[in-house]
Amino acid sequence: MTNWTDADGREIDEEDRGLVYDMTTLVNRRAALGLFGGVSVLTLLAACGMTSETTATPASTTPADTTPDGNLVEVPDETGGPFPADGSNGVNVLDDSGIVRSDIRSSFGSSTVVAAGVPLTVVLTVRDAATGDALSGGAVYLWHCDRDGGYSLYSDGLADVNYLRGVQEIGADGSVTFTTIFPGCYAGRWPHIHFEVYSDVATAVASGPIVKTSQIALPKEASDAVYATSGYEQSVRNLAGVTLASDGVFGEDGGIHQIATMTGSASAGYTAALTIGV
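All residue numbers refer to position in the chain's written sequence, counted from 1. Local features in this predicted model are restricted to residues of pLDDT 70 or higher, and side-chain atom pairs are both shown and tallied only at a pLDDT of 80 or more, whereas totals for entire chains, interfaces and linings draw on every residue. Heavy atoms from the whole structure form the basis of all side-chain values; hydrogens and water molecules are not counted.

## Section: the nonpolar core
At step 1: Counting residues in hydrophobic clusters, the biggest one holds 43 residues, and the most contacted among them are L124, V140, F182, M262 and I276.
At step 2: Only DSSP runs of H or I with at least four residues qualify as helices, and only runs of E with at least two residues qualify as strands; both kinds are numbered from the N terminus onward. Looking at this core, the elements with two or more residues in it are β1 (119-127), β2 (139-143), β4 (175-181), β5 (192-198), β6 (212-217), α4 (220-227) and β8 (269-277).
At step 3: Should any heavy atoms of two residues lie within 4.5 Å, those residues are considered in contact. Every residue in contact with M262, bar those within four places of it in the chain, is listed here: L120, F182, L218, P219, A222, Y270, T271 and A272.
At step 4: Counting 14 residues, the second largest nonpolar core, distinct from the first, contains I99, A139, C145 and Y198. For this analysis, a nonpolar core means a set of buried residues of the types Ala, Val, Leu, Ile, Met, Phe, Trp, Tyr and Cys, connected via side-chain atoms within 4.5 Å. Three labels apply to residues, based on accessible area from a 1.4 Å probe with only protein chains included: buried if under 20% of the type maximum, exposed if over 50%, partly exposed otherwise in between.

What follows is the structure, encoded as C-alpha cells:
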C-alpha cells in the first residue's frame, strides 16, 4: 500500500501526489470496468517511460463478469443466428428423441455421422444475475458449427446430420458440461458457440419461452493453436480477417462478458469455461 506522506510524516494532498497517484487511480477505476484486462499500474507506467521509487497499489482484480461491487453482470443478449434448429427458422431438433445429451459430437437418430476436430469440453455456469444463485433445474441448448464452418441440418451436405447440438439440465451448482469439438472459424465471424437458456428441460424440448440467447467467444490463443492442426486450414485464413472488435456480435464491447477461460492444449484437447448471469 502506498504511503502518501512527506518526509515529516504529514499526509500529502491528492492534487500534490503527482502522476504515479493519478495513474494508480485511473487504472484501478478502469480495471473495475475490465478495460485494461488486468494490466498493472507499474506496467502502464513503464510503457509511458516512467519510473518511481513509490510502490503503486496493484490494479483491481474484479472479474470481467462482475461489477465493481461484486454483483454478477447479465450476459448480453445475442442473436441465435440463422441456424438455430429450435423451430424459429424452419428446422426444429429440440423435439427429437436423443437431443438431451452431454456428448454432442455424434449425430443421433437415423444419422451416425461424427464431427471431427480437436476435443473441446464446454463448462457453462448459469446464475441469476440479480441474486447470484445457481439456476439449478434450468436447461441449456448449445450448438455450433463444425470444423469446416458448416452447421448441421442447414449447410450443404449436412441436411441429414444433427451433430454438435444438445440440451443439458443445469445442475445444483449451476453448471452444464458438453463434450464437443473446437468449432472452425468461418468468414466474417469470430470463433463462437451459441446457447439458449430455458427454465427447464421440458420447456426446452417443447421449444418454449427462452430465458436467454447469447454466445460464447473463444480466445485467440487457443483458436490459433487449434487452427494450426490438420483439418482447420481454412480457419487460419478466416480468423486472420476478423477481430473481436470487428465482429458483428462481440464488437460492441469486445465480448468482455462472453470470452471463455481456456485450459488444455491443441494436442490433448481444451476446456472452455464461462460463468454467465441471466
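Additional details are given in the paragraphs that follow.
## Re the pairing of β1
At step 1: Any two strands are treated as partners once DSSP identifies two or more bridges connecting them. With seven bridges connecting them, β1 and β4 associate as antiparallel partners. The partner of L120 across the bridge, within β4, is T180.
At step 2: With eight bridges connecting them, β1 and β8 associate as parallel partners. Looking at the pairing, L120 lines up with Y270 of β8.

## Structural notes on the pattern of salt bridges
At step 1: What makes a salt bridge here is a side-chain nitrogen of Lys or Arg within 4 Å of a carboxyl oxygen of Asp or Glu, nothing more. Within this structure, the stated rule accounts for five salt bridges.
At step 2: In this structure, D77 engages K212 in a salt bridge whose closest nitrogen and oxygen atoms are separated by 2.9 Å. One end of the pair, D77, is in the loop between α2 (41-47) and β1; the other, K212, is in strand β6, and 135 residues separate them in sequence.
At step 3: The closest approach of N and O atoms between K220 and D224, which form a salt bridge, is 2.7 Å. Of this pair, K220 and D224 both sit in helix α4, four residues apart, which is roughly one turn of that helix.
At step 4: Looking at D224, the relative accessible area reads 36%, which means it is partly exposed.
At step 5: What you see here is one network of salt bridges that share partners, running through E74, D77 and K212.

## A look at the confidence of the model for the protein
Reading predicted coordinates in detail is not appropriate for stretches of low pLDDT.
At step 1: The pLDDT value expresses, per residue, how confident the predictor is, ranging between 0 and 100. Looking at the protein as a whole, the pLDDT averages 83, with 75% of positions reaching at least 70.
At step 2: Low pLDDT (under 50) marks residues 1-7, which in the prediction has 16 contacts with non-local residues, meaning those over four places away or in another chain.
At step 3: Low pLDDT, under 50, characterises residues 14-64; the stretch is placed with 54 contacts to residues that sit more than four places away or in other chains.

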